[in-house]
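Notes for the structure review
Spelled out from the first residue to the last, the chains are:
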Amino acid sequence: MPRPSTPLLSMGRIRECALEIIDEAGLEALSMRKLAERLGVRAASLYNYVPNKDELLQDIANSVMDEVDVSGFDTDWVTGLMVWARSYRAALAEHPNLVPLLASGPARREAALRRADAVHGGLVNAGWPQRYATMIGASVKYLVIGGAMGSFAGGFPADAELYEERFPNLERAHLLPRRAAEIDNASFELALQAFVEGLRSRHAELAGDSGQS
């Protein structure tokens, strides 16, 4: 049989092409018209699958959050936090232009809410009070989102002369961009491990206070 002149549509294909546009040019570059052009269909055809651009963006964000791993909480809360934070960062690193949308919170996205539920439940079941569980979840999100917003090491000019006289304490800063990925990854790990070590101490203190009462 001859191939159809109009490409067959599916929600998966629409999502994939929309994400390509966002990855290439940012959130503002996505429009239903531009998406339809890339898919080789009329814009009206898209509305059989998704009611509007906002709903499409939520669906895309949901699919990205589906990649975040919260299974570590089945082992213990420390493993849970480490696995969650690392996979969360990895998911955002794949699609940095989506970070502003994902930073706004889970909204009504099923995948994001399921993960928030798993994180909160994993912490509470490990003995963290509800208030602390909420703050720990928020703190990890701040760490991940902050790390995903841009590169620290990559933001320094690679001009050695710039630093020589005016900024002597930054005399080697011109070398940072060459190793930006390595430094940024190591910095994230340092922050995450220091955060978790601090939480271990706080968890022990809370357990001691509970035992005394």
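Please read all numbers here as calculations on a predicted model, not as lab measurements.

Rules used in this analysis
- Sequence order as written defines residue numbering, which begins from 1 separately in each chain.
- The predicted nature of this model means local features are confined to residues of pLDDT at least 70 and side-chain atom pairs, given and counted, to a pLDDT of 80 or more, with totals for whole chains, interfaces and linings taken over all residues.
- Computation of side-chain values: all heavy atoms of the structure, hydrogens and water removed.
- Each helix corresponds to a stretch of at least 4 residues labelled H or I by DSSP, and each strand to a stretch of at least 2 residues labelled E; elements are numbered beginning at the N terminus.
- Pairing of N or O atoms within 3.5 Å defines a polar contact, subject to two protein rules: one partner must be a possible hydrogen donor and the other a possible acceptor, and residues neighboring in sequence count only if both atoms are side-chain atoms.
- Contacts are assigned to residue pairs that have any heavy atoms within 4.5 Å of one another.
- In summary, the pairing rule links any two rings of Phe, Tyr or Trp, Trp by its six-membered ring, whose centres are within 6.5 Å, and it sorts them by plane angle into stacked for under 30 degrees, edge-to-face for over 60 and tilted for everything else.
- All axes here are fitted lines through C-alpha atoms, helices being fitted over the stretch that makes contact, and every angle between N-to-C directions spans 0 to 180 degrees.
- For classification, angles of less than 35 degrees are called roughly parallel, those exceeding 145 degrees roughly antiparallel, those between 65 and 115 degrees roughly perpendicular, and all remaining angles oblique.
- Handedness of a crossing is defined here by the sense of rotation of the near helix relative to the far one, left-handed for an anticlockwise turn of less than a right angle and right-handed for a clockwise turn.
- Between Lys or Arg on one side and Asp or Glu on the other, a salt bridge is scored when a side-chain nitrogen of the former is within 4 Å of a carboxyl oxygen of the latter.
- The rule is simple: take the accessible area with a 1.4 Å probe, protein chains only, and divide by the maximum for that residue type; under 20% is buried, over 50% is exposed, in between is partly exposed.

**A word on the side chain of His 203**
Within the secondary structure layout, His 203 lies in helix H10 (residues 180–212). Here Ala 126 takes part through its backbone oxygen, which lies 2.9 Å from a polar atom of the side chain of His 203. Beyond its immediate stretch of four places on either side in the chain, His 203 contacts Trp 77, Ala 126, Gly 127 and Trp 128.

**Focus on the packing of aromatic side chains**
Considering all chains together, one arrives at four aromatic pairs under this definition. Relative to Trp 128, the ring of Trp 77 has its centre 5.3 Å away and its plane inclined at 85°; by these criteria the two rings are edge-to-face. Of the two residues, Trp 77 sits in helix H5 (residues 77–94) while Trp 128 sits in the loop between helix H7 (110–125) and helix H8 (130–148), which places them 51 residues apart along the sequence. Ring centres 6.0 Å apart and planes at 20° place the aromatic pair Trp 84 and Tyr 88 in the stacked group.

**Description of the packing of helix H1 (residues 11–25) against helix H2 (residues 32–39)**
In the contact formed by H1 and H2, the axes pass within 10 Å of each other and the chain directions differ by 115°. When the axis of H1 is compared with that of H2, the two are roughly perpendicular. The crossing of H1 and H2 is right-handed. Seen from H1, the contacting residues are Arg 13, Ile 14, Cys 17, Ala 18, Glu 20, Ile 21 and Glu 24; seen from H2, they are Lys 34, Leu 35, Arg 38 and Leu 39.

**Quick notes on the pattern of salt bridges**
According to the stated counting rule, one finds 11 salt bridges in the structure shown. Measuring nitrogen to oxygen at the nearest pair gives 2.9 Å for the salt bridge that ties Arg 38 to Glu 24. With Arg 38 in helix H2 and Glu 24 in helix H1, this pair connects stretches of sequence that are 14 residues apart. Residue class for Arg 38 comes out partly exposed when judged on its relative accessible area of 37%. Judged by relative accessible area, Glu 24 falls into the exposed class, the value being 56%. With a shortest N-O distance of 3.1 Å, Arg 114 and Asp 66 are connected by a salt bridge. In this pair, Arg 114 is assigned in helix H7 and Asp 66 in the loop between helix H4 (53–65) and H5, connecting sequence segments 48 residues apart. Judged by relative accessible area, Arg 114 falls into the partly exposed class, the value being 40%.

What is shown is where atoms sit, not what they do.
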